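Close look at the chain arrangement
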Amino acid sequence: MRRGAPPIASLARDWFARDTTTVAQELIGCTLVVDSGTAQRVVARIVEAEAYLGTRDPASHAFRGPTPRAGIMFRAPGHLYVYLSYGMHHCANIVTEPDGVAGAVLLRAASVEHGLDVVRARRGATMAMDALLRGPGNLCRGLALSLLDNGLDLCAAESRVHVEPRAATPPLSVGPRVGITVGAGRRLRFAWRAHPAVSSPSPSR
DNA sequence: CCGCCGATCTTT
DNA sequence: AAGATCGGCGGG
């Protein structure tokens, strides 16, 4: 952690050990803090997320049980589940529900609050600020999250990734999840209403 | 603005 | 063979 950095008021494990849909909604507006080695810290506001409901959700990686890849979704809440998408992009989830019950929230977009220079170095110096962490693959690239971070405990003090609670409840929009064929129809995508960093298509209500 | 397509590799 | 993606390209 960076010297002189403010203390982290991380969300407790019990906060994540709840209904996945609830956690997904309440993560909107929360703050993601990612430390990367040489005194580099990025702080970003979560503006879009999706709920994946484990064994009762055919779109979830946990639908077929605790496979090697998705097994972490069955274990302790408050951990990071990172996987490789389409062979080239990383996607980051936060594990939810009590230990033994599968669930996770996919982080789909965030808005940079601090560390803009660091994120631009990873994503491109000329990229529009609102696009830097827009989309799950772009979010991981901008925050330097990779398979190396799979299994990180967000509730542990020594972790390089933390989530801090939101100060106020932002206006929400809801819509169907993006990029899936099975299990579509369910409205498990949540976003900060009209926030410019939310990915397209824009969720409706 | 929209739709299509290829890249690239893990999982099924 | 499909997939919790992305950026580029061509057409309207």
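As a starting point, this report considers the structure included with it.

Cut-off values and rules
- Residues numbered from 1 in each chain as written.
- Chains lettered and ligands numbered in written order.
- Predicted model: local features only at pLDDT ≥ 70, side-chain atom pairs only at ≥ 80, totals over all residues.
- Heavy atoms only, no water.
- Near = heavy atom within 4 Å.
- Polar contact = N/O pair within 3.5 Å; in protein donor to acceptor, adjacent residues only side chain to side chain.
- Nonpolar A, V, L, I, M, F, W, Y, C, P; charged D, E, K, R; others polar.
- Helix = DSSP H or I, 4+ residues; strand = E, 2+ residues; numbered from the N terminus.
- Buried < 20%, exposed > 50% of the residue type's maximum accessible area, 1.4 Å probe, protein only.
- Contact = heavy atoms within 4.5 Å.
- Salt bridge = Lys/Arg side-chain N within 4 Å of Asp/Glu carboxyl O.

To continue, consider the protein's contact with DNA strand B. Looking at DNA strand B, the residues that line it are Thr67, Arg69, Leu84, Tyr86, Gly87 and Met88. For DNA strand B, the fraction of protein-proximal atoms (within 4 Å) that sit in sugar or phosphate groups is 62%. In this structure, a base oxygen belonging to DNA strand B sits 2.2 Å away from a main-chain N or O atom of tyrosine 86. For the surface near DNA strand B, the class distribution of residues is three nonpolar, two polar and one charged.

For threonine 20, the location among the structural elements is in helix H2 (residues 20-27). Residue threonine 20 is classed as buried on the basis of its relative accessible area, which comes to 0%. At 2.8 Å, the side chain of threonine 20 and the side chain of glutamate 97 are in polar contact. The contacts of threonine 20, once residues within four sequence positions are left out, are Ala51, Tyr52, Leu53, Thr96, Glu97, Gly103, Ala104 and Val105.

Before going further, it helps to examine the pattern of salt bridges. Pairing is possible between side chains that carry opposite charge, provided their charged atoms lie close to one another. Scanning the model with the defined rule gives 10 salt bridges in all. Measuring nitrogen to oxygen at the nearest pair gives 2.8 Å for the salt bridge that ties arginine 189 to glutamate 48. Of the two residues, arginine 189 is situated in strand E8 (residues 189-192) and glutamate 48 in strand E2 (residues 40-52); the sequence distance between them amounts to 141 residues. Summarising the burial analysis for this pair, arginine 189 and glutamate 48 share the class buried. Aspartate 149 is the salt-bridge partner of arginine 160, the closest N and O atoms lying 2.9 Å from each other. Highlighted residues: arginine 160 in the loop between helix H4 (136-143) and strand E6 (161-164) and aspartate 149 in the loop between H4 and E6, separated in sequence by 11 residues. On the basis of relative accessible area, aspartate 149 is assigned to the buried category, the value being 6%.

With that out of the way, let us pick up the protein's contact with DNA strand C. Tyr83, Tyr86, His89, Asn93 and Gly137 are the nearest of the 22 residues found near DNA strand C. A share of 51% is what sugar and phosphate atoms reach among the atoms of DNA strand C within 4 Å of the protein. Within the side chain of histidine 89, an N or O atom sits 2.8 Å from a base oxygen of DNA strand C. The separation between a phosphate oxygen of DNA strand C and a polar side-chain atom of arginine 123 is 3.4 Å. The set of elements that each furnish at least two residues to the surface near DNA strand C consists of strand E3 (80-85), strand E4 (89-95), strand E5 (104-114) and H4. Tallied by class, residues from the surface near DNA strand C come to 10 nonpolar, 10 polar and two charged.

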